[in-house]
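Tertiary structure, described
If you want the building blocks of each chain, they are given just below.
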Amino acid sequence: MLDKPPPLLAGEGWGGGWAGYGAMTLFSRLDAMPALSPEERLLLDSVRALARDEIAPRAAEYDRSGEFPWDNVRAINGLGLNAMFVPEAYGGAGLSYAAYLACVREISQACASTGIIWATNFHAMKPLIDFGTEEQKQRLLPRVAEGAIGALAITEPDAGSDATHMTTRFSPDGERVVVSGGKIFISNGDVADLYLVFGKWAGIADDRKAISAIIIEKGTPGLTILRKEDKMGHRAASTVALAFEDCPVPRANLLGAPGDGLALLLAALNKSRPSVAAHALGLARAAFEDAVLYINQRRQSGRRIVEFQGIQFLLADLATDLAMCEAWLWHVAGLVDRGAAGRAPGIAVEASMLKLRASDLAMRCATEAVQLHGGYGYIKEYRVERLMRDAKITQIWEGTNQIHRQLIGRSFIARS
Ligand SMILES: Cc1cc2nc3c(=O)[nH]c(=O)nc-3n(C[C@H](O)[C@H](O)[C@H](O)COP(=O)(O)OP(=O)(O)OC[C@H]3O[C@@H](n4cnc5c(N)ncnc54)[C@H](O)[C@@H]3O)c2cc1C
């Protein structure tokens, strides 16, 4: 008979399975850290139940099929989560950034694909909330609150880490702006209702000063989906290449003035980078919890794996880094909620540190979780195999970790 524990039941890591693991109370204390209102705590409880009971049990099948998880998206909207980050004046609930991050982490722990689909709505629509005109907000935000899907389109074939080389062109034409060019690797790109697109204003020569931002609505003539990528992980979240073939977009959809795009983008990153960090920490927590449960059951040489001192040292390092990183997440959340993010640079260095450390930790926890499962870690029957594939992209998107190290290091150069 095989001496291997059964794979975790979906949702086993959400509280119920932790009786008897003394050290895990430290994570409960960390979860209590963000200053959430009673209303936000209730919402988070509902999100946790949804993640445990519906989203986690469906995650393996969505990973296998690569289908877009519409039932998860509908369930999330059923709880009113798209409305949580939209101000009350535009049909939303206007809840805190900390509450939003806590929900991202919870959903991503259950299914990283679903987590990034929902978080992308926030990344794409938050700049509209922060920098849109009253008319734009009245017209577009109620749709977001009701569940419209957003996409954020920056990356191009020859403009990845250095977005200033983008070539998508915005040409003014009376009351319209004609958008031409293309984007790659756009999350939600085939299912979005609203696209926040960055491009260059025709007639402004300076690469940085030409960057502008506009909202393109689904169904705009000339907006074409070229292909859907076949990915290593996050297989249920769609990632597509887009073409803009002289798309006529109302000038009323321009965010800010021509040339405001780079400042908008940098300010937006201060809120999207902590969000992808929360997503990565959901993955890290899932991997860590699966590993701890497994090595408490699996026996070799007459002992549980967790009883070997070499394994305990590894757990100690992972748990310590996880605790520090989660504490930093709530520190950054508090800064944003107190209004420190604002216009760039704001909290750029803190956000970079968080994104860098959370994503490296997600990859490390997932890789070590596979290792701790031995051969079974390499088999799809156990969730850690998927977590390792899902974790890798967190070190690449939203600024690769090389770029974040550069941003953090550069901030210490004295200005002459
Ligand atoms: C699944 C997925 C989803 C994505 N979703 C979106 C999205 O919704 N919207 C969007 O706009 N984009 C999205 N992206 C794009 C993503 O943000 C880019 O892939 C990322 O920024 C890196 O750009 P690149 O792929 O062109 O790599 P490159 O910039 O070509 O980098 C290649 C390598 O060189 C390194 N490198 C580059 N410059 C430097 C430097 N100055 N110093 C040191 N090393 C450097 C990089 O770190 C990397 O290791 C997504 C990508 C993927 C794969």
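To be clear, the structure that these remarks concern was listed above.
All figures in this text were calculated on a predicted structure; none of them were measured in a lab. (Residues numbered from 1 in each chain as written. Predicted model: local features only at pLDDT ≥ 70, side-chain atom pairs only at ≥ 80, totals over all residues. Heavy atoms only, no water.)

Turning next to the site of the ligand. Neighbouring residues of the ligand: 19 residues in total, closest Leu152, Thr155, Ser161, Phe185 and Thr400. Here Thr155 contributes a side-chain N or O atom positioned 2.7 Å from a nitrogen atom of the ligand. Taken by itself the ligand offers 980 Å² of open surface, and the protein chains cover 64% of this. Those elements giving two or more residues to the shell around the ligand turn out to be strand E1 (150-153), strand E3 (176-187) and helix H12 (401-410). (Near = heavy atom within 4 Å. Polar contact = N/O pair within 3.5 Å; in protein donor to acceptor, adjacent residues only side chain to side chain. Areas by Shrake-Rupley, 256 points an atom, 1.4 Å probe, with all protein chains shown as cover. Helix = DSSP H or I, 4+ residues; strand = E, 2+ residues; numbered from the N terminus.)

Our focus in this paragraph is the pattern of salt bridges. In this structure the tally under the stated criterion is 28 salt bridges. Between Asp130 and Lys271 there is a salt bridge, with its nearest N and O atoms 2.7 Å apart. With Asp130 in helix H6 (residues 112-131) and Lys271 in helix H8 (residues 261-297), this pair connects stretches of sequence that are 141 residues apart. Owing to a relative accessible area of 31%, Asp130 belongs among the partly exposed residues under this scheme. Residue classification places Lys271 among the buried residues on the basis of a relative accessible area of 12%. Measuring nitrogen to oxygen at the nearest pair gives 2.8 Å for the salt bridge that ties Arg405 to Asp360. Here Arg405 is found in helix H12, whereas its partner Asp360 is found in helix H10 (residues 348-372), with 45 residues between them in sequence. (Salt bridge = Lys/Arg side-chain N within 4 Å of Asp/Glu carboxyl O. Buried < 20%, exposed > 50% of the residue type's maximum accessible area, 1.4 Å probe, protein only.)

What follows concerns the pairing of E1. The side-chain alternation of E1 yields two buried faces, one formed by Gly150 and Leu152 and the other by Ala151 and Ala153. Summarising the sheet, E1 and strand E4 (residues 194-201) pair through 4 bridges and their orientation is parallel. Bridge pairing in E4 links Gly150 to Leu194. (Pairing = 2+ DSSP bridges.)

Turning our eyes to something else, we now look at the packing of aromatic side chains. Under the criterion given, the structure shown has 11 aromatic pairs. On the basis of an interplanar angle of 85° and a centroid distance of 5.9 Å, the ring pair of Phe85 and Tyr100 is categorised as edge-to-face. Within this pair, whereas Phe85 is found in the loop between helix H4 (81-84) and helix H5 (97-110), its partner Tyr100 is found in helix H5, the two being separated by 15 residues in sequence. The exposure class of Tyr100 is buried, given its relative accessible area of 1%. Summarising the aromatic geometry, the rings of Tyr376 and Tyr382 are spaced 5.9 Å apart at their centres and angled 50° between planes, so their arrangement reads as tilted. Note on accessibility: Tyr376 and Tyr382 belong to one class, buried. (Phe/Tyr/Trp six-rings, centres within 6.5 Å; stacked < 30°, edge-to-face > 60°.)

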